[in-house]
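Here is what each chain is made of, one letter per residue.
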Amino acid sequence: MEKKWWHSAVIYQIYPRSFMDADNDGIGDLAGVIGKLDYLATLGIDVIWLSPVFRSPMDDNGYDISDYHDIAPEFGTLAEMDRLIAEAARRGIRIVMDLVVNHTSDEHPWFVEARKSKDNLYRDYYIWRAPRADGSPPDRQRASFGGSAWEFDPATGEYYYHLFSKRQPDLNWENPQVQEEVHRMMNWWLDRGIGGFRMDVIDLIGKEVDRGITTEGPRLHPLLQQMHAATFGHRDVLTVGETWSATPETAKLYSDPARKELSMVFQFEHVTLGHHPEHGKWQQRAFDLLELKRVITKWQTALADTGWNALFWNNHDLPRAVSKYGDPGRYRVESAKMLATALHCLKGTPYIYQGEEIGMTNVRFDAIEEYRDIETLNLYRERTAAGVPHESMMEGIFANGRDNARTPMQWHAGENAGFSTGTPWIQVNPNHREINVAAALDDPNSILHHYRALIRLRKERPVVVYGRYLPHLEDHPQVFAYERRLGEERIVVINNFSGQTVELELPAELRHRAGECLVSNYAPVRRLGERLSLHPFESFALALAA
Ligand code: GLC
């Protein structure tokens, strides 16, 4: 496998609206990010993935772009963006931008033009269909944020297509002009010195609307190859696609370097495991470690020689890792460290979502009015109107609503967690008095210092980056154990995913082995006997002596 810088990189995702507010208008901004670069450098990360900062009416917090070549005034200016790129570079950090090109905002000048008349030059930048004889939408496709995927536009008497909100019309990727415009815009940003792109819902751009094919449509891979050739192919950057539909087989298509598409993709099989077959994310299912291990092992094995994995527990669309997979209460610190070890010792590029490194948790707002996320609000309305009881919908929101990840970053125990002296656009989690960066920096045993150690480990030990993955104790319902091997080097990683003490019998090949304990969340473990007793959420990585 040809080595790439992003194989050994650790990425930190920033949701700018909630990270740090320098001008105290209640909304995070670029100046706020610049002010925290030293913090990020201390953590040791290599790349920032910046969620969208482009000009936008903020119907979906910036995932609805009205100008790809400018920064939203609430976030700052282009000059500040250039300063962020330069200041990050001085600290050895690259900035990966969010590329949102499945759709634009309805305020993008292309759409403003397109809806004027059927023969407008920009009409074909979007997807239009005539109503059926009775005036109803062309078909029954649904949008992810509720309602029909078709919105009637009275000016021209046709429907336009949107897979997200009606203020996010889908671009028509069959139109070569759309392809060229996007390529030109990507090159414009690459020329400014960015480190690559995270590609929003990129598996949707090859869609065939009339056949109802939305994900991984037949033109998807040709489009990505074309994009590669026209933009980043000759530059040394990281590209990561957001692909909810990826399977191990398609992930190889995206990420096999020989195919000249993307560096890697985010796949969501481990995420959707926790969703209900009928009610999806709005009805939580108990999380089953055996299933989770099976999925992780499947992906680690499938991409062992071809392609590359992106590793993550959470992001701005998902609940907080410690709330979903750990224990946000009594064992918050232990379980957050365990989750970090379990993920960062796998093969692939790890992503940390802001606040994960201090063990931030989900939030429970008392009233639906406190929520800000368009998906949460729309689906609350749609589902309660269809008869789902309020309490049951709120339970779904507490478990999986996107605002769990979007409460302001907790910098210190004081007012608004140090995020802003203005009124934050969304409430701060009241637990910021205990859970915050200042406290974590002061405490040598904090989750934050554990993350620093794991990031350092990746830099120091090639086995963490390139070692083969081997599962152990595959049928154990509480413990996730695996090994990484590179040449003579062997690292054993053992994680108790339960709040109970677990006694287990070790597999023969691990018995009576000793070595160096690389990380742990209780006392270091330096030798293995025949049996092992693990504390609640205990976890460690042991480099076996040859
Ligand atoms: C992606 C983003 C999400 C956004 C959606 C539409 O899933 O991560 O935040 O709402 O795409 O752009």
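Let me sum up the structure you'll find in this document. (Residues numbered from 1 in each chain as written. Predicted model: local features only at pLDDT ≥ 70, side-chain atom pairs only at ≥ 80, totals over all residues. Heavy atoms only, no water.)

Our focus in this paragraph is the overall build of the protein chain. Scanning the protein chain for helices and strands turns up 16 helices and 22 strands. Over its C-alpha atoms the protein chain spans a radius of gyration of 23 Å, differing by no more than 12% from the 24 Å that the globule rule assigns to 546 residues. Along the three orthogonal principal directions, the C-alpha set of the protein chain runs to about 75 × 50 × 50 Å. Within the protein chain, residue pairs in contact and separated by at least 24 positions form 69% of the contacts whose partners lie at least 6 positions apart. (Helix = DSSP H or I, 4+ residues; strand = E, 2+ residues; numbered from the N terminus. Rg over C-alpha atoms; globule rule 2.2 N^0.38 Å. Contact = heavy atoms within 4.5 Å.)

Another aspect to go through is the site of the ligand. The environment of the ligand is made up of 13 residues, and the closest members are D60, D200, E242, H316 and D317. Take D317: an N or O atom from its side chain is 2.5 Å from an oxygen atom of the ligand. For the ligand, the protein covers 97% of the area, taking 310 Å² as the surface of the free molecule. Looking at the shell around the ligand residue by residue, the classes come out as 4 nonpolar, 2 polar and 7 charged. (Near = heavy atom within 4 Å. Polar contact = N/O pair within 3.5 Å; in protein donor to acceptor, adjacent residues only side chain to side chain. Areas by Shrake-Rupley, 256 points an atom, 1.4 Å probe, with all protein chains shown as cover. Nonpolar A, V, L, I, M, F, W, Y, C, P; charged D, E, K, R; others polar.)

Another point: the packing of helix α5 (residues 176-191) against helix α6 (residues 220-230). Packing of α5 against α6 leaves a shortest axis separation of 10 Å and a crossing angle of 40°. As judged from the angle between their axes, α5 and α6 are oblique. Seen along the crossing, α5 lies across α6 with a hand that is right-handed. Between α5 and α6, the contacting residues are Q179, V182, H183, M186 and N187 on the first element and L223, Q226, M227 and A230 on the second. For the contact of α5 with α6, the residue count by class is 5 nonpolar, 4 polar and no charged. (Axes fitted to C-alpha atoms, helices over the stretch in contact; angles between N-to-C directions. Parallel < 35°, antiparallel > 145°, perpendicular 65-115°, else oblique. Left-handed = near helix turned anticlockwise from the far one by under 90°.)

At a minimum axis distance of 10 Å, the contact between helix α12 (residues 374-385) and helix α13 (residues 390-400) shows a crossing angle of 155°. The orientation of α12 relative to α13 falls into the category roughly antiparallel. Here α12 and α13 pass one another in a crossing that is right-handed. Listed contacts from α13 to T376, L379, Y380, R383 and T384 of α12 are H390, M393, M394 and I397. Of the residues contributing to the contact of α12 with α13, the split by class is 5 nonpolar, 3 polar and 1 charged.

To continue, consider the pattern of salt bridges. Scanning the entire structure with this criterion turns up 42 salt bridges. A salt bridge links E261 to R259; the nearest nitrogen and oxygen atoms lie 2.7 Å apart. What makes E261 buried here is its relative accessible area of 2%. A salt bridge links D373 to R402; the nearest nitrogen and oxygen atoms lie 2.9 Å apart. Of this pair, D373 sits in the loop between β15 (349-353) and α12 while R402 sits in the loop between α13 and α14 (437-442); the two residues are 29 residues apart in sequence, bridging distant segments of the chain. Note on accessibility: D373 and R402 belong to one class, buried. (Salt bridge = Lys/Arg side-chain N within 4 Å of Asp/Glu carboxyl O. Buried < 20%, exposed > 50% of the residue type's maximum accessible area, 1.4 Å probe, protein only.)

The next point concerns the sheet that holds strand β22 (residues 539-544). Spatially, 5 strands are ordered β16-β17-β18-β22-β20 in an open sheet, and the strand pairing comes out antiparallel. Only two strands of the sheet have a single neighbouring strand rather than two, namely β16 (468-472) and β20 (515-520). Geometrically, the sheet is characterised by an average inter-axis angle of 20° between neighbouring strands, direction not taken into account. On the sheet, helix α9 (residues 289-302) packs against β16 and β17 (479-486) and is oriented at approximately 15° with respect to β17. The sheet contacts of helix α11 (residues 332-344) involve β17, β18 (489-496), β20 and β22, and relative to β18 the element is tilted by about 145°. (Pairing = 2+ DSSP bridges.)

This part takes up the packing of aromatic side chains. Evaluated as defined, the whole model comprises 33 aromatic pairs. Between Y68 and W110 the ring centres are 6.2 Å apart and the planes differ by 40°, which places this aromatic pair in the tilted class. A residue pair is termed long-range when its members are at least 10 positions apart, and Y68 in strand β4 (residues 67-71) and W110 in helix α4 (residues 109-114) qualify at 42 residues. Accessibility assignment for this pair places Y68 and W110 in one class, buried. Ring plane angle 70° and centroid distance 6.5 Å describe the contact between W313 and F497, whose orientation is recorded as edge-to-face. A residue pair is termed long-range when its members are at least 10 positions apart, and W313 in the loop between β14 (310-311) and α10 (321-325) and F497 in the loop between β18 and β19 (502-505) qualify at 184 residues. For the pair shown, W313 and F497 are each scored as buried. Among the aromatic residues, those joined into a ring-pair cluster are F54, Y68, W110, Y122, Y125, W188 and W189. Across from the ring centre of W5, 3.6 Å away, lies the NZ or CZ of R94, which sits over that ring. One cation-aromatic arrangement involves R192 over W189; the distance from NZ or CZ to the ring centre is 6.0 Å. (Phe/Tyr/Trp six-rings, centres within 6.5 Å; stacked < 30°, edge-to-face > 60°. Lys NZ or Arg CZ within 6 Å of the ring centre and 35° of its normal.)

Attention shifts here to α5. Side chains three or four residues apart in an α-helix point the same way, a direct result of the helix having 3.6 residues per turn. Compared with the 22 Å implied by 1.5 Å per residue over 16 residues, the 22 Å span of α5 between its first and last C-alpha is a close match. Taken as a whole, α5 has its buried residues at V178, Q179, E181, V182, H183, M185, M186, N187, W189 and L190. Capping the start of α5 is the job of one residue whose side-chain oxygen sits 2.8 Å from the backbone nitrogen of Q177: N175. Just downstream of α5, G193 is the residue with a positive phi angle, here 100°. (Expected span 1.5 Å × (residues − 1).)

Once that is clear, we can look at the environment of L510. By the secondary structure assignment, L510 is in the loop between β19 and β20. Residue L510 is classed as buried on the basis of its relative accessible area of 2%. Discounting chain neighbours no more than four positions away, the residues touching L510 are H472, E483, R490, V492, L528 and L544.

This paragraph deals with helix α7 (residues 248-255). Taken as a whole, α7 has its buried residues at P248, T250, A251, Y254 and S255. Burial along α7 is one-sided: seen end-on, the buried residues are contained in an arc of 155°. If you follow the buried residues of α7, they end up packed against α6, β11 (264-266), α8 (269-272) and α9. (Arc of directions from axis to C-beta.)

Moving on to the pairing of β22. Most of β22 sits out of view: 6 of its 6 residues are buried. Going residue by residue along β22, you find S539, A541 and A543 tucked away on one face and F540, L542 and L544 tucked away on the opposite face as well. Bridge count for β18 against β22 is 5 bridges, and the pairing is antiparallel. When the sheet's bridge partners are listed, I494 is paired in β22 with F540. Of the pairings in the sheet, the one linking β20 to β22 comprises 5 bridges and is antiparallel in character. If you follow C517 over to β22, its bridge partner there is L542.

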